[in-house]
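Here's the letter readout for the chains.
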Amino acid sequence: MLCAAAHNTYVKTWAGWAYVATVIDCATKMVIGWSIADHMRCDLIVSAMNMARGRMPLADGCVFHSDRGVQYTSRQFRKYIADAGMRQSMGRTGVCWNNAMAESFFAALKNELVYRTAFPTIRHARSAIAEYIEVFYNRKRIHSGLGYRTPAEVLQELQETPKAA
């Protein structure tokens, strides 16, 4: 992975808010890391990053795009990024271009799942969102920006392409 975009959002449940953080591979648009909790502290983002790093190797100097949320600007997260050998990228306040991919994912998540579903608990939201990401979004949902292929298809093609010497 050379580049990742991250963002977080919130989902209403009958038991309170569920906060969702994602890490998206910029080359494939695949959600490679995600975390859901009843808080929006830095640990939520670190958990999503740990999942992403466990699933996909990071290139040296991998760029991590995010907004200027307090979680992403915290000392804890900046140290995490530095220790991981990544570079952090944030746009100016009010500029969405650095995080457009993550915003697009959350728009799809909310329109295709969240606004159509009542979640009694955070556990119910976590289960439904996990299924949406892992079963539908990454493996079945086609993307015009990927030539009407799924993120999983693009990842497979990238993995099968011989590396230049």
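Structural notes, computed from the coordinates.

Parameters at a glance
Note on numbering: residues in each chain are counted from 1, in written sequence order. With the structure being a predicted model, the display of local features is reserved for residues of pLDDT at least 70 and the display and counting of side-chain atom pairs for 80 or more, all residues being used for whole-chain, interface and lining totals. Here the side-chain values reflect all heavy atoms present in the structure, with hydrogen atoms and water set aside. Burial status follows relative accessibility: with a 1.4 Å probe on protein chains alone, a residue under 20% of its type maximum counts as buried, one over 50% as exposed, and anything between as partly exposed. In DSSP terms, a helix is any run of H or I states spanning at least four residues, a strand is any run of E spanning at least two, and both are numbered starting from the N terminus. As used here, the arc belongs to the directions running from the helix axis to the C-beta atoms. Should any heavy atoms of two residues lie within 4.5 Å, those residues are considered in contact. Two N or O atoms form a polar contact when they lie within 3.5 Å of each other; inside protein one atom must be a possible hydrogen donor and the other a possible acceptor, and for residues adjacent in sequence the pair counts only when both atoms belong to side chains.

Moving on to helix H6 (residues 151-160). Within H6, the full set of buried residues consists of Pro-151, Val-154 and Leu-155. Down the axis of H6, the smallest arc covering the buried residues is 100°, so these residues share one side. Buried positions along H6 lie against helix H5 (122-137).

On to the side chain of His-65, then. Summarising the element assignment, His-65 is placed in strand S4 (residues 63-66). Engagement of the side chain of His-65 in a polar contact is seen with the side chain of Ser-89, the distance being 3.1 Å.

The next point concerns the environment of Asn-8. Relative to the elements of secondary structure, Asn-8 occurs in strand S1 (residues 3-13). Look at Asn-8 and you get buried, because its relative accessible area is 11%. Note: C-alpha distance between Asn-8 and Asn-99 (91 residues apart in sequence) is 11 Å. In this structure, Asn-8 is in contact with Val-20, Ala-21, Met-40, Ile-45, Gln-71, Tyr-72 and Phe-106, ignoring residues within four places of it in sequence. Here Tyr-72 takes part through its side chain, which lies 3.1 Å from a polar atom of the side chain of Asn-8.

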